[in-house]
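Notes for the structure review
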Number of protein chains: 2
Amino acid sequence: LGELKAKLVEVMLKLKKLGEEDPRRVIHSLKVGLAITLVSTFYYLDPLYHSFGSSAMWAVFTVIVVSEFSVGATLGKGLNRGLATLVAGAMGLGSYYLASSTGDIVQPIILGAVVFLLVAGVTYIRFFPQMKARYDYGLLVFILTFCLVSVSGNREDKIIDIAKKRVTSILIGGLISVLVCIFVYPIWAGDDLHNLISKNIEKLGNFLEGFGDEYFIEGGECNKSFLQGYKTVLHSKHAEENLANFARLEPGHGNFLFRHPWKQYLKIGSLSRQCAYRIDVLNGFLNSAKTPSQIKSKLQEPCIKMSTETGKALKELAVAINKMVPPSVAEQHMTKSKIAAMNLLTTLKIGLFEGTNLVEAIPVVTVASLLVDVVYCTDKLAESINE
Amino acid sequence: LGELKAKLVEVMLKLKKLGEEDPRRVIHSLKVGLAITLVSTFYYLDPLYHSFGSSAMWAVFTVIVVSEFSVGATLGKGLNRGLATLVAGAMGLGSYYLASSTGDIVQPIILGAVVFLLVAGVTYIRFFPQMKARYDYGLLVFILTFCLVSVSGNREDKIIDIAKKRVTSILIGGLISVLVCIFVYPIWAGDDLHNLISKNIEKLGNFLEGFGDEYFIEGGECNKSFLQGYKTVLHSKHAEENLANFARLEPGHGNFLFRHPWKQYLKIGSLSRQCAYRIDVLNGFLNSAKTPSQIKSKLQEPCIKMSTETGKALKELAVAINKMVPPSVAEQHMTKSKIAAMNLLTTLKIGLFEGTNLVEAIPVVTVASLLVDVVYCTDKLAESINE
C-alpha cells in the first residue's frame, strides 16, 4: 500500500511538472473541456434536439477531434473537416443516385466498385508528401464521409435530410471549437515557432559562451547543463515544419501580420541546425581532450575570444528575433569574433608549433578551425535574420 | 486547354513515380479499398443489418481510421481503439446511471461537470511525451466514446443495447482491418526500420568512399549525388522512433522474432546520426576548399585511405545488418582504416609542415582530424551492431 502511495505521489509530481513547464497545457485542457460542455448542451436543450436528432452526435464528435493545441492546428483541422465533408457528401449523394438509377442487382455492385476505386485512389494520394503535410486529415474525412453517405444511402430514405443535418452539426461543432480556440486565451502556433527558433539560437549561444573556458581552462565540476542544451536543436526540424504549416493559417495577432514570412523561420532554423552539427563535433572534443595544456595555451586567447563573442552574438540574435528588432548589438560581437579569428590566423602564421609535436596539436587546431566555421555559420544566420 | 493537359500529364507522372519509389504504396491503397468493401457488405446483407441497425456505421468508421500502412501501426491503432472504447463505454454508462439516480434538475449539471473534468483531465494527460508516442489515439477515442455514451445516454432508452451493438461493430471493424492488414501482403514496420537503418549507414559509406577522391583529387564534374545522400540521415530520428514503436507490436515474421531488440536499432540510428553530423562538417570543407594542392598532397595518401576504407566498412556494416550476419568483412576494412589513421599520425610527427604556412594547412588538418573522428564513430557503430 505504501508503494502504491509513493507511485501516486510520483505521478502527481510529474503532472505538476508538466503544467509548470508550459502552463498553456492546463489552459488548453480546460478549453477543450469547455468546448465539449458547450456542445453537449445541444443534447440537453429540447428544441435543438428535436430538430437535429441523433445527428447532434456529430457536433460532439467534431469538437473533440478538431480541438488542437494551437489556433493554426485547430483552423487547419476545422477547414479540412468542413471542406472534406461538403465535397465527399456531395460526391457520395451523386454516386448513390447514379447507382440507384440502375437495377436492384447491379446497384450494390456498382456502388461497391465506386467505393473501392475512390477509397484506394484517395488512400494513394495521401502518400504525396505535400498532401500528407497539410491535407492528410481532410483526405481521411473525405473517405469517411463518402463511405458513410454512399453506403448508408442504400438504407435510409430521407438521405438528403440526414445529410443536411449532419453537415450542419459538423459546421456548428467546428465553429464552437474554432471560436473557443481563438477567443478564450488563444495559443498561437506562430508564437511557438517564433519562440522555438529564438530559444534554439540562444541554446547554441549558451554552449559557445561556455565552451571556450570549458575546453581551455579545465575548471571545477560546476553546473554544465548549458553545454547539453544544444542537443534538442539537432532534432527540431520536424517540430518547426509542423508549426510553420499551422502558423500559415492563423489570422494576424500581436506583432504578426497574416502573411508573416514564416518560411524565413524555416531557413533560419535550418541554418541554426547546421551550426548545431558543428557544435556537436566540438562537444565531442570536450570529452576526449588529452592535449597538453602548454600546447592548448598557444591558441587559447583567440579561441576563447572567438567562442565567447560568437556565443554572445548568437544570444543577441536570439533577443533580436524575439523582440523583432535589427540585430545591431549582435553585429558588434560578430565583428569582435571575426577579429579574433584573424588574430588566430596571424598567430598560426608565425610558425607557432615549430619544434612541438604536431600530433598533439591536432585537436586544438581542429577546434580552432571548427570555431572559425561556426563563426561563418553564425554570420550567414545573422544575414538571414536581417532579411 | 493545352496547359490543363500538360498539368494533368505532370500529375500522372508524379503519381507513377510515387508508386515506383515504393510499390507497397499501391498495395496498401488496394488493401484499404478491399477492407472497406468487405465491411460495406455489412450494410447490404439484410440479416446483419437487421441485428446491427445504424450501428454498422461504426464498423465502416473503424476500418477507415484503423487501416494504417504497416502491421504495427494498424495493430497499435486497433488495440488503442478497442481498449479505449471498452473502458470509456463502461465509464460513460456508470456516470450516466450515477447521474440519473439524482433528480431531473441536478442530473444534467452533474453529468456536465463529470464530462468537463474527465475531458480536461484526459486532454492534459495527452501531453505526457510517453503517452503521446503510444496512446495518443487511444486517449482521443476514450474522450470521444465517453462523451457519446454519457451525453447521448440522456436521450436513448435502450442505451445498453446500443452500447453493445456499437462495441461489437467496432470490434468487427477492427478485426477486418487487422486481418486484411496481416494476411493480404503484410507490410511490416520492423522490416522498414531494419532497412532504414541499413540504408542510412550505406549512405554514410557512399559519402566517405567518394569523399577522399573528391577532396584531394579535383576531378571531373561527374555525378555527385552520392555526396548528398547522407543529408536524409540527419533528420531520420523521428521516423526511426515511430517505426520502433510500431515494430514492438508486431508478431514474429521472417527473420524477426516477437521480442526482437528494436531498441538496439534506435541506438545504432543515433550513432549513425552522430557520424552524419561529422560528415556534414566534412561536406562543408568540400565546397570551401582553397588549400594549395602541394599542401594537400602531404596528407593525401593516409586520408584517402582512411576515408575509403571507413566508407567500405560502413557499407559492409550495412550489408551485415541487412543480412543479419556478423560484420567480419567490415572489421577488416576498419583495421585498414585504423592503420591509415596511425600512418597519418606518424606522418605528422616528423614535422611535415616545417617551413610551410600553417594557416593554409588548417583545413587539411581539420579534415584529417574529422576523418579520425569518423573512424572512431564507425568503430562504436560496429561494436553496437555486433551486440
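The structure presented is a predicted model; accordingly, all values stated were derived computationally and were not measured.

Here's the deal with the overall build of chain A
If you tally the helices and strands in chain A, you get 15 helices and zero strands. Sorting the 387 residues of chain A into buried and exposed places 51% on the buried side. Relative to all contacts within chain A whose residues are 6 or more apart in sequence, the contacts with residues 24 or more apart total 82%. For chain A, the computed accessible surface area is about 18100 Å², with 63% contributed by carbon and sulfur atoms.

As for the packing of aromatic side chains
All names here are of chain A. Using the criterion set out here, one finds 12 aromatic pairs over all chains in the structure. A ring pair is formed by Phe-142 and Phe-146, whose centres lie 6.2 Å apart and whose planes are at 10°; its orientation type is stacked. Separated by four residues within a single helix, Phe-142 and Phe-146 lie in helix H7 (residues 129-152), roughly one turn from each other. For the residue pair Phe-142 and Phe-146, the accessibility class agrees, reading buried in each case.

Focus on the environment of Arg126(B)
Residue and element names in this part refer to chain B. Mapping Arg-126 onto the fold places it in the loop between helix H6 (106-125) and helix H7 (129-152). Under the relative-accessibility criterion, Arg-126 is labelled buried at 15%. For the pair Arg-126 and Tyr-137, spaced 11 residues apart in the sequence, the C-alpha separation amounts to 9.3 Å. Among the polar contacts listed, one links the side chain of Arg-126 to the side chain of Asp-136, at a separation of 3.0 Å.

Details of the environment of Ala341(A)
Residue and element names in this part refer to chain A. Of note, Ala-341 is situated in helix H14 (residues 328-349). With a relative accessible area of 12%, Ala-341 lands in the buried category. The spacing of Ala-341 and Lys-305 is 36 residues in sequence and 8.6 Å in space, taken between C-alpha atoms.

A look at unusual backbone geometry
Residues and elements named next belong to chain A. Backbone geometry at Tyr-185 places phi at a positive 40°, although glycine is not the residue there. Within the secondary structure, Tyr-185 is located in the loop between helix H8 (159-183) and helix H9 (189-216). Using a relative accessible area of 46% as the deciding quantity, one classes Tyr-185 as partly exposed.

Brief notes about H6(B)
In this model H6(B) runs 29 Å from its N-terminal to its C-terminal C-alpha over 20 residues, within 8% of the 28 Å that 1.5 Å per residue would give. Every buried residue of H6(B) is listed here: Gln107(B), Leu111(B), Gly112(B), Val115(B), Val119(B), Ala120(B), Val122(B), Thr123(B) and Tyr124(B).

Details of the pattern of salt bridges
Scanning the model with the defined rule gives 24 salt bridges over all chains in all. Close ionic contact of Asp136(B) with Arg126(B) constitutes a salt bridge, the shortest N to O distance being 3.0 Å. Residue Asp136(B) is located in helix H7, and its partner Arg126(B) is located in the loop between H6 and H7; the two are separated by 10 residues in the primary sequence. Taken individually, Asp136(B) and Arg126(B) each receive the classification buried, so the pair is uniform in this respect. Here the residues in one salt-bridge network are Lys17(A), Glu21(A) and Arg25(A), joined through shared partners.

Re the packing of helix H5 (residues 71-100) of chain A against helix H6 (residues 106-125) of chain A
Residues and elements named next belong to chain A. The contact between H5 and H6 brings their axes to 8 Å, and the two run at 150°. Here H6 runs roughly antiparallel to H5, going by the angle between their axes. Pair H5 / H6 crosses with right-handed handedness. On the side of H5, the interface is formed by Met-91, Ser-95, Tyr-96, Ala-99 and Ser-100, while H6 contributes Gln-107, Ile-110, Leu-111, Val-114 and Leu-118. Tallied by class, residues from the contact of H5 with H6 come to seven nonpolar, three polar and no charged.

Overview of the packing of H9(A) against helix H11 (residues 237-247) of chain A
Residues and elements named next belong to chain A. As a packed pair, H9 and H11 sit with axes 8 Å apart at the nearest point and diverge in direction by 145°. At the point where H9 passes H11, the crossing takes the left-handed sense. Mapping the contact onto sequence places Ala-189, Gly-190, Asp-192, Leu-193, Leu-196, Ile-197 and Asn-200 in H9 and Ala-239, Glu-240, Leu-243, Ala-244, Phe-246 and Ala-247 in H11.

With respect to the nonpolar core
Among the nonpolar cores identified, the biggest contains 82 residues, and Ile201(A), Leu204(A), Phe207(A), Ile201(B), Leu204(B) and Phe207(B) are the most heavily contacted of them. Counting 62 residues, the second-largest nonpolar core is a separate cluster that includes Val65(A), Ile170(A), Val39(B) and Val115(B).

Some details on the confidence of the model for chain A
Residue and element names in this part refer to chain A. On average, residues of chain A score 79 in pLDDT, and 80% of them reach the 70 mark or higher. At the low end of the mean pLDDT range in chain A sits helix H3 (residues 46-52), at 59; at the high end sits H11, at 88. For this predicted complex, the interface confidence comes out at an ipTM of 0.84, alongside a pTM of 0.85.

Some points on the state of the cysteines
Going through the model one piece at a time under the given rule, you end up with zero disulfides over all chains. Just so you know, Cys181(A) is unpaired, no disulfide at all, and the nearest cysteine sulfur is the one on Cys147(B), 17 Å from it.

As for a nonpolar patch on the surface
On the surface, Leu34(A), Leu38(A), Val184(A) and Tyr185(A) cluster together into a nonpolar patch covering about 330 Å² of accessible area. With respect to the helices, strands and loops of the structure, Leu38(A) is situated in helix H2 (residues 24-44).

A word on the environment of Thr85(B)
Residues and elements named next belong to chain B. Mapped onto the elements, Thr-85 comes out in helix H5 (residues 71-100). Residues Thr-85 and Val-141, spaced 56 residues apart in sequence, show a C-alpha to C-alpha distance of 6.7 Å. Residue contacts for Thr-85: discarding those within four places in its chain leaves Val-141, Thr-145, Val-167 and Ile-170. For Thr-85, the side chain forms a polar contact with the main-chain oxygen of Arg-81, separated by 2.5 Å.

Criteria and cut-off values
- Residues numbered from 1 in each chain as written.
- Chains lettered and ligands numbered in written order.
- Predicted model: local features only at pLDDT ≥ 70, side-chain atom pairs only at ≥ 80, totals over all residues.
- Heavy atoms only, no water.
- Helix = DSSP H or I, 4+ residues; strand = E, 2+ residues; numbered from the N terminus.
- Buried < 20%, exposed > 50% of the residue type's maximum accessible area, 1.4 Å probe, protein only.
- Contact = heavy atoms within 4.5 Å.
- Areas by Shrake-Rupley, 256 points an atom, 1.4 Å probe, with all protein chains shown as cover.
- Phe/Tyr/Trp six-rings, centres within 6.5 Å; stacked < 30°, edge-to-face > 60°.
- Polar contact = N/O pair within 3.5 Å; in protein donor to acceptor, adjacent residues only side chain to side chain.
- Expected span 1.5 Å × (residues − 1).
- Salt bridge = Lys/Arg side-chain N within 4 Å of Asp/Glu carboxyl O.
- Axes fitted to C-alpha atoms, helices over the stretch in contact; angles between N-to-C directions.
- Parallel < 35°, antiparallel > 145°, perpendicular 65-115°, else oblique.
- Left-handed = near helix turned anticlockwise from the far one by under 90°.
- Nonpolar A, V, L, I, M, F, W, Y, C, P; charged D, E, K, R; others polar.
- Core = buried A, V, L, I, M, F, W, Y, C linked by side-chain atoms within 4.5 Å.
- pLDDT = per-residue confidence, 0-100.
- Disulfide = S-S within 2.5 Å.
- Patch = residues over 30% accessible without salt bridge, like charges linked within 9 Å, V, L, I, M, F, W, Y side chains within 5 Å.

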